[in-house]
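# Residue-level structure breakdown
Chain residues, written in single-letter form:
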Amino acid sequence: MIGLLPVYLLAGLVFGAIAILSALDRANPKRWANAAFWGLFATSFLLGDHLGDLGNGVLVISMVVIAGIVGLGQGRARNSNMEMRNSLAQRHGNRLFVAALAIPTMTLIGALTFPRIVIGGAPLFDPAQTTLVAFACSVILAMALARLMLGERVPAALDEGRQLLDLLSWAALLPQMLAALGAVFALAGLGTAVGDLVAQAIPADSRFATVAAYTFGMAIFTAMMGNAFAAFPVMTAGIGLPLIVMKFGGDPVVMAAIGMLSGFCGTLTTPMAANFNLVPIALLGIQDRYAIIKAQIPTAILLLMTNTVLMYVFVF
Amino acid sequence: MVRPLIAPMAEAAAEAQFGPLPASTRERIRAQAGAAENVGYFFGEDIFIAIGSILLMRGFLQQNGILVEPLELSVWAIPTAISAAIIHCARLYLFERKLKNAAAAREKART
């Protein structure tokens, strides 16, 4: 049965290759830091199961120390130049989108068909993980398609991927890190504390007040943390699961989906989400540091209210 | 995407319609371009089934003994995505009307 293991293996090999390519890149003054950072990340994919909780924790902290104290540099892909890209773009035109659009299309097809493939009475793919397996297969197929269309070699793709990853640098892993932080908060009992607080503050049998406490709580906690991924485990363990789902019998799917999107409303309002709200200010050459946030706040408030109503209507 | 494409296009479109713009207006148009990108990205991405937030929701629910399909989660992102598009487009429409009025006022002041 094909489950997450091959997907993790693939991810580990890709990041391992990026670590090796980083180490070989003399154009990057911090190439060893980059190599160590992505090498550790690859290790967590390849050997994470054998490292134990403590081992993985030490690994994550080592990555933070490398990124925080040494810092990561910007690598440069070996064979990349503007003329080549322009000539390829001119030759292929809009067909270049085919490879990119192949990924979501094939993921959807795979997610819908994989669960039905049964060989010798046993499912070929782990039914709990078909989406991720389909996603990984689509990426490989899209790569093969691009290889056929463009005639570039696979190492060139990895090298270009590395250059792109270096632009994002450690921030590429911020969502994962914040999700892990949220899980730690939830384990430490912050969710229960929030739940108790809410239970005291709102009328015990009001469904609407509970839903509003969850959506607004997601938005506020997200605004403080800068990312909905850290808020989600805390607010969902505190209000979403125990009150909306267990007590009032709400649908966990609707609760989670709209809850997360309520958190995104919070992201629109906060300078803590610097990569979305402050970095573009510098890129666009705007004087007012908070101009984007100001442009987003009315949408965020209206949409948060819409989300609250949507959840109230559809969750029960 | 916003810096090389959307912001210059928005500025050029405004200039073509309303003539030369004061620096403060240019900056507001650029900020609106950045905001439009964020709104579209945040509320559009959850419709795709293999995106980080869907996987996080699924993993968290799974740990709490509730198994859900990523496809269900992404389907329930659609009402919010449509609302976001309507709300933000309406606001951009109002913003454009404001620019139009300001341009008319400038024109009047000149004559």
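Everything numeric here is computed off the predicted structure, so don't read it as measured data.

Now for the overall build of chain B. When helices and strands are counted, chain B shows five helices and zero strands. Its helices and strands taken in sequence order, chain B reads α-α-α-α-α from the N to the C terminus. Along the first, second and third principal axes, the C-alpha set of chain B runs to 70 × 25 × 15 Å. Expressed as a percentage of the 111 residues in chain B, the buried residues total 32%. Taking all contacts inside chain B whose residues are at least 6 apart in sequence as the whole, residues at least 24 apart take part in 59%.

A few words on the overall build of chain A. When you go through chain A residue by residue, the secondary structure sums to 14 helices and two strands. Its C-alpha atoms give chain A principal-axis dimensions of roughly 65 × 65 × 45 Å. A burial count over chain A gives 38% of its 316 residues as buried. Nonlocal contacts in chain A, meaning residues at least 24 apart in sequence, comprise 73% of its contacts between residues at least 6 apart.

This next bit is on unusual backbone geometry. Residues and elements named next belong to chain A. You will see that S169, though not glycine, has its phi angle at about 60 degrees, which is positive. The topology assignment puts S169 in the loop between α6 (154-168) and α7 (174-187). Judged by the 16 C-beta atoms lying within 10 Å of it, S169 falls in the partly exposed class.

A few words now on the nonpolar core. Counting 83 residues, the largest nonpolar core has A231(A), F232(A), M235(A), A257(A) and M57(B) as the members making the most contacts within it. No other element matches helix α10 (residues 228-247) of chain A, which puts 13 residues into this core. Here this core gathers at least three residues from each of two domains, domain 1 (1-169) and domain 2 (189-315) of chain A. Every residue in contact with F232(A), bar those within four places of it in the chain, is listed here: G182(A), G259(A), M260(A), G263(A), L56(B), M57(B) and F60(B). One finds F15(A), L21(A), F37(A) and A42(A) within the second-largest nonpolar core, a separate group that totals 13 residues.

Attention now moves to the interface of chain B and chain A. Contact residues are listed per partner, giving 40 residues for chain B and 44 residues for chain A. Listed by contribution, the elements that provide at least two residues to the side of chain B that touches chain A are α1 (2-18), α2 (23-45), α3 (52-63), α4 (70-75) and α5 (78-110) of chain B. Among the elements that take part in the side of chain B that touches chain A, α2(B) stands out by supplying ten residues, more than any other. A breakdown of the residues in the side of chain B that touches chain A according to their chemical character gives 25 nonpolar, nine polar and six charged.

Right, let's talk about the packing of helix α4 (residues 96-113) of chain A against helix α5 (residues 130-150) of chain A for a bit. Residues and elements named next belong to chain A. At a minimum axis distance of 8 Å, the contact between α4 and α5 shows a crossing angle of 150 degrees. Comparing their axes, α5 and α4 come out roughly antiparallel. Handedness of the α4/α5 crossing: right-handed. Every residue of α5 that contacts α4 at V98, A99, A102, I103, M106, T107, G110 and A111 is listed here: T130, T131, A134, F135, C137, S138, V139, L141, A142, L145, A146 and M149. For the contact of α4 with α5, a count of residues per class yields 15 nonpolar, five polar and no charged.

Examined at the domain level, chain A breaks down into domain 1 (1-169) and domain 2 (189-315). Centre-to-centre, using C-alpha coordinates, domain 1 of chain A lies 31 Å away from domain 2 of chain A.

Residues and elements named next belong to chain A. In the contact formed by α10 and helix α11 (residues 252-267), the axes pass within 10 Å of each other and the chain directions differ by 140 degrees. The angle between the axes of α10 and α11 places the two elements in the oblique class. Judged by the sense of rotation from one axis to the other, the crossing of α10 with α11 is right-handed. In this structure, α10 uses A228, A231, F232, M235, T236, G240, I244 and V245 to contact α11, whose residues at the interface are P252, M255, A256, G259, M260, G263, F264, G266 and T267. Counted by class, the contact of α10 with α11 contains eleven nonpolar, six polar and no charged residues.

What follows deals with the environment of L73(B). Mapped onto the fold, L73(B) is located in helix α4. Taking the C-beta count within 10 Å as the criterion, L73(B) has 27 such neighbours and is therefore assigned buried. Measuring from C-alpha to C-alpha, the distance between L73(B) and A109(B) comes to 54 Å, with 36 residues separating the pair along the chain. When neighbours within four sequence positions are excluded, L73(B) is seen to be in contact with V253(A), A256(A), A257(A), I54(B), M57(B), R58(B) and V68(B).

The set of residues buried in α1(B) consists of V2(B), A7(B) and A14(B). Packing partners of the buried residues in α1(B) comprise α13 (279-284) of chain A together with α2 and α5 of chain B. Immediately downstream of α1(B), the backbone of G19(B) shows phi near 75 degrees, a positive value.

Next up on the list: the confidence of the model for chain B. With 99% of its residues at a pLDDT of at least 70, chain B reaches an overall mean of 91. With a pTM of 0.88, the predicted complex shows an ipTM of 0.94.

What follows covers the environment of G151(A). All names here are of chain A. One can find G151 in the loop between α5 and α6. G151 sits in the exposed class, given 9 other C-beta atoms within 10 Å. For the pair G151 and P104, spaced 47 residues apart in the sequence, the C-alpha separation amounts to 22 Å.

Note that predicted coordinates carrying low pLDDT should not be read in detail. Overall, the prediction assigns chain A a mean pLDDT of 91, with 99% of residues at 70 or greater. Mean pLDDT per element in chain A: helix α3 (residues 82-92) of chain A is the minimum at 80, and α11(A) is the maximum at 97.

Topologically, Y290(A) is positioned in the loop between α13 and α14 (291-315). In this structure, the C-alpha to C-alpha distance between Y290(A) and L278(A), residues twelve residues apart in sequence, is 7.2 Å.

Cut-offs used in this document
Residues numbered from 1 in each chain as written. Chains lettered and ligands numbered in written order. Predicted model: local features only at pLDDT ≥ 70, side-chain atom pairs only at ≥ 80, totals over all residues. Helix = DSSP H or I, 4+ residues; strand = E, 2+ residues; numbered from the N terminus. Buried ≥ 20, exposed ≤ 12 C-beta atoms within 10 Å, placed from the backbone. Contact = placed C-beta atoms within 7 Å. Core = buried A, V, L, I, M, F, W, Y, C linked by C-beta atoms within 7 Å. Domains from an automatic or database assignment. Nonpolar A, V, L, I, M, F, W, Y, C, P; charged D, E, K, R; others polar. Axes fitted to C-alpha atoms, helices over the stretch in contact; angles between N-to-C directions. Parallel < 35°, antiparallel > 145°, perpendicular 65-115°, else oblique. Left-handed = near helix turned anticlockwise from the far one by under 90°. pLDDT = per-residue confidence, 0-100.

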